[in-house]
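Okay, here's what each chain looks like letter by letter:
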Amino acid sequence: MNTSRRILLAGLAGLAVAPTVAGAAPAPTANDVTVAEERFARMIAAAHAPDLTCARQAASHADAHWPDYVAAARAVLEARV
């Protein structure tokens, strides 16, 4: 599967369980997150960047907001098992 399709699918998966402002869970600590969850959360966050045409902006958005998407990443990874 190519990278753009992975990002699209991750973004769609993240929309299903994306955090809301009113019911946002507390940010996880670094000890609570596995490498796979962090990578997938970063991918979902990059897919939700305001301007997807700029890779640098998507990467910085992912760096800043990946903890918000850990719950979404966990839900998707658990669904794959």
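Note that the coordinates shown come from a computational prediction; the quantities given were computed from them, not determined experimentally.

**What to know about the pattern of salt bridges**
This model, assessed by the stated rule, comprises 3 salt bridges. The salt bridge involving Arg42 is made with Asp63; its shortest N-O contact spans 2.5 Å. With Arg42 in helix 2 (residues 35-47) and Asp63 in helix 3 (residues 55-65), the pair connects residues that are 21 residues apart, well separated along the chain. By sharing partners, the salt bridges in this structure join Glu38, Arg42 and Asp63 into a single network.

**As for the nonpolar core**
The tendency in soluble globular proteins is for nonpolar side chains to be buried as a group. In terms of nonpolar packing, the biggest core is built from 15 residues, with Phe40, Ala41, Ile44, Trp66, Tyr69, Val70 and Ala73 touching the most fellow members. When residues of this core are traced back to their parent elements, those giving at least two are helix 2, helix 3 and helix 4 (70-80). For this core, the leading source of residues is helix 2, giving 5 residues.

**Details of helix 3**
All of the buried residues in helix 3 are Ala58, His61 and Ala62. Summarising the axial view, the buried residues of helix 3 lie within an arc of 100°, below the 170-degree limit, and thus occupy one face. Across helix 3 from its buried face, at more than 90 degrees, point the exposed residues Arg56 and Ala64. Of the surrounding elements, those touching the buried residues of helix 3 are helix 2.

**A few points about helix 2**
Structural remark: α-helix, 3.6 residues per turn; residues separated by three or four positions point the same way. Compared with the 18 Å implied by 1.5 Å per residue over 13 residues, the 18 Å span of helix 2 between its first and last C-alpha is a close match. Of the positions making up helix 2, those classed as buried are Glu37, Phe40, Ala41, Ile44, Ala45, Ala46 and Ala47.

**Quick word on the packing of helix 2 against helix 4**
Running from amino to carboxyl end, helix 2 crosses helix 4 at an angle of 115°, the nearest separation of the two axes being 8 Å. Taken together, the axes of helix 2 and helix 4 lie roughly perpendicular to each other. Helix 4 is crossed by helix 2, and the crossing has right-handed handedness. Taken together, the residues of helix 4 that come into contact with helix 2 (itself represented by Ala36, Glu37, Phe40, Ala41 and Ile44) are Val70, Ala72, Ala73, Arg74, Val76 and Leu77. In terms of residue class, the contact of helix 2 with helix 4 is built from 9 nonpolar, no polar and 2 charged.

Definitions and limits used
- Residues numbered from 1 in each chain as written.
- Predicted model: local features only at pLDDT ≥ 70, side-chain atom pairs only at ≥ 80, totals over all residues.
- Heavy atoms only, no water.
- Salt bridge = Lys/Arg side-chain N within 4 Å of Asp/Glu carboxyl O.
- Helix = DSSP H or I, 4+ residues; strand = E, 2+ residues; numbered from the N terminus.
- Core = buried A, V, L, I, M, F, W, Y, C linked by side-chain atoms within 4.5 Å.
- Buried < 20%, exposed > 50% of the residue type's maximum accessible area, 1.4 Å probe, protein only.
- Arc of directions from axis to C-beta.
- Contact = heavy atoms within 4.5 Å.
- Expected span 1.5 Å × (residues − 1).
- Axes fitted to C-alpha atoms, helices over the stretch in contact; angles between N-to-C directions.
- Parallel < 35°, antiparallel > 145°, perpendicular 65-115°, else oblique.
- Left-handed = near helix turned anticlockwise from the far one by under 90°.
- Nonpolar A, V, L, I, M, F, W, Y, C, P; charged D, E, K, R; others polar.

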